[in-house]
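Chains, contacts and geometry: an overview
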Amino acid sequence: MSDNSLKNDGSTGFSRRRFITGTGSLLGAAALAGHTPSAWATARPAAAPIASGSRVPALVIGTGYGGSVAALRLAQAGTDVHMVEMGMAWDTPGPDGKIFANTTKPDDRSFWLRTRTKQPLSNFLGFPIDRNVNRYTGILDAEEFGGITVYQGRGVGGGSLVNGGMAVTPRRENFGAILPTVDAEEMYSTYYPRANSGLGVNTIDPAWFERADCYQYARVGRKHAQRAGFPFLFVPAVYDWDYMEQEAAGTVPRSALDGEILYGNNHGKKSLQKTYIDRIRATGRVTISPLHKVTTVTPAPDGGYTVLIDQLDTTGRTTATKTVTADKVFFAAGSVGTSKLLVGLKATGALPLLNDEIGRGWGDNGNVMCGRANHLWDPTGKLQASIPTGGIDNWEAGGAFAEVAPLPTGIETWASFYLSITKNPHRARFTWNAAAGRAELDWQTAWKQPSIDAAKTIFDRINRKEGTIYRTDLFGVHKIWGDHLTYHPLGGAVLDKATDNYGRLHGHPGLYVIDGALIPGNTSVNPFVTITALAERNIERIIATDL
């Protein structure tokens with residue numbers, strides 16, 4: 001789209017009025033929907049949540065990738081496990097008959113304990129798109145720190161509920177910079193294959209990709225990348241491609257083709273609920289307590305650890321506080337959740353022997369977003385699958401890998417949209433604010449500049465080649481870069497620093513970190529396959545030596 005293509009004139013066949021009033025439009029629905037009483041004020045209680053006074057052999061805090069791996073392998077080894085999850089179970093349909101809200105119509109289910117949505121793409125054509133909602137234990141947490149908003153999944157399945165499903169294994173030559181103390185040979189021969197198998201990773205049929213209307217946006221992104229001299233890579237994903245083809249044929253309910261992703265996917269996506277957690281339940285040795293939040297872990301007088309857990313209702317109110325004893329505790333609350341909890345436990349003296357590496361080495365995986373305005377002869381399509389399939393690789397030359405991302409608005413936008421992962425050297429630290437009683441992060445928004453510079457090595461060149469411009473209406477008024485967020489938080493309890501080389505926390509035997517907090521800030525690609533593979537490696541050693 002050329003410079004005048006963003007203007008409200010007849011040349012685009014599209015007006016702001018038509019956009020705002022269009023049915024099914026992401027922005028029309030978000031901007032115009034009113035604040036209504038919550039239809040999701042209650043949630044089905046978990047079956048037999050953990051009881052106060054219980055003693056368990058293994059307690060796993062969190063149900064995301066690392067926690068699910070740990071629970072499954074412990075159970076298969078004969079250990080009884082209890083998992084506690086701060087979010088909901090997400091197993092009960094709402095009044096609309098669906099478990100998850102649609103990306104184009106955010107409602108109370110969409111955000112974690114907010115009264116107004118905070119969508120990653122906040123504006124379009126000069127209009128803000130956030131809307132009022134009722135406070136509810138929704139699926140996506142937009143957790144705000146001083147210099148960054150961190151998006152995290154809340155619920156049984158963690159981040160697998162809300163991510164784009166791009167299941168990428170890093171290039172072997174990049175692995176040494178990701179986890180320098182881990183044997184690359186065993187990761188690539190054993191643990192990455194195990195993770196990919198367990199997650200149900202697969203690839204799209206290239207022939208179907210070429211003819212599918214829903215991937216017109218990706219084909220336009222590929223064409224522009226290749227014409228500018230960049231390789232376009234197909235990447236694996238955790239989606240049922242047979243189901244997506246049936247969606248396109250109209251024989252099953254639409255899921256990815258209905259834009260479902262940001263607030264969950266009702267059908268085709270293989271989240272952890274359908275893979276590791278399904279196998280966890282089949283062992284008969286694992287129980288899960290949703291809406292339970294761990295607040296304190298301290299050494300128990302008779303061995304093991306005393307764990308205090310708040311039970312929540314769907315408004316976030318604490319309805320009970322439970323005391324549980326666990327022989328072993330696995331921290332798997334995500335990079336942010338694990339880091340905040342450990343920093344607080346060290347600072348308050350609950351776990352005084354944790355070392356000074358706790359809270360350090362946190363990074364944003366170099367995330368930065370942008371959009372480009374294409375020419376009228378390069379429409380990206382009204383129908384866009386919410387599962388991305390490819391990216392632009394300039395990692396070696398420019399320090400960036402750019403996911404060609406969807407804009408599933410239901411209307412033609414002539415926009416190409418990208419989430420970049422970049423070589424950003426900046427690392428932040430979580431510290432404890434005793435006066436406020438909370439952990440804080442010292443990230444600075446200015447630290448995103450290396451990510452912007454790296455992304456520009458791709459998109460400046462494409463714009464020069466195509467004669468196009470950046471969109472300036474997606475992240476605020478006249479703002480090109482989405483430099484305020486991350487989808488990929490990593491670090492805070494770094495492997496072989498805050499822990500030993502298998503995730504054992506120093507100073508407190510029987511405590512382990514088993515999630516993305518172990519990875520120091522960057523994986524060069526989408527991180528969940530690496531988090532899963534590292535958890536597979538670490539839990540295998542822990543089971544062999546510690547149980």
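Scroll up to find the structure.
One structure accompanies this document, and this report is about it. Here the structure is a predicted model, which is why all the values come from computation and not from measurement.

Here we take up the sheet that holds strand β12 (residues 368–373). Taken together, the six strands give an open sheet; going across it, the order is β7-β13-β14-β15-β12-β18, and neighbouring strands pair in antiparallel fashion. A strand with exactly one partner marks an edge of an open sheet, and here the two such strands are β7 (232–234) and β18 (469–470). Along the sheet, helix α12 (residues 449–466) contacts β12, β13 (390–394), β14 (400–405), β15 (415–422) and β18; its crossing angle with β12, the most-contacted strand, is approximately 10°.

Contact geometry for helix α3 (residues 65–76) and helix α13 (residues 528–546): axes closest at 8 Å, N-to-C directions at 35°. Our pair here, α3 against α13, has a crossing hand that is right-handed. Of α13, the residues touching α3 (which contributes Y65, G66, V69, A70, R73 and L74) are F528, I531, T532, A535, E536, I539 and I543. The residue inventory of the contact of α3 with α13, partitioned by class, reads nine nonpolar, two polar and two charged.

We now examine the pairing of strand β1 (residues 55–61). The side chains of a regular strand alternate between the sheet's two faces. β1 sits mainly inside the fold: five of its seven residues count as buried. Note that β1 and strand β11 (residues 318–331) share six bridges and pair parallel. Within β11, the position partnered with R55 by the bridge is T325. Sheet analysis places β1 next to strand β2 (residues 81–84), joined by four bridges and oriented parallel. Among the inter-strand pairings, A58 is bridged to a residue of β2, identified as V81. Chirality of the crossover, the property in question, places the unit of β1, α3 and β2 among those that are right-handed.

Another aspect to go through is the packing of aromatic side chains. Per the stated rule, a full pass over the model turns up 22 aromatic pairs. Ring centres of F175 and Y188 lie 5.6 Å apart, and the angle between their planes is 90°; on these two criteria the pair is classed as edge-to-face. Of this pair, F175 sits in helix α4 (residues 175–178) while Y188 sits in helix α5 (residues 184–199), and the two are 13 residues apart along the sequence. Exposure class is identical for F175 and Y188. Each is buried.

Rules used throughout
Residues numbered from 1 in each chain as written. Predicted model: local features only at pLDDT ≥ 70, side-chain atom pairs only at ≥ 80, totals over all residues. Heavy atoms only, no water. Pairing = 2+ DSSP bridges. Helix = DSSP H or I, 4+ residues; strand = E, 2+ residues; numbered from the N terminus. Contact = heavy atoms within 4.5 Å. Axes fitted to C-alpha atoms, helices over the stretch in contact; angles between N-to-C directions. Left-handed = near helix turned anticlockwise from the far one by under 90°. Nonpolar A, V, L, I, M, F, W, Y, C, P; charged D, E, K, R; others polar. Buried < 20%, exposed > 50% of the residue type's maximum accessible area, 1.4 Å probe, protein only. Right-handed = clockwise from strand over helix to strand, strands pointing away. Phe/Tyr/Trp six-rings, centres within 6.5 Å; stacked < 30°, edge-to-face > 60°.

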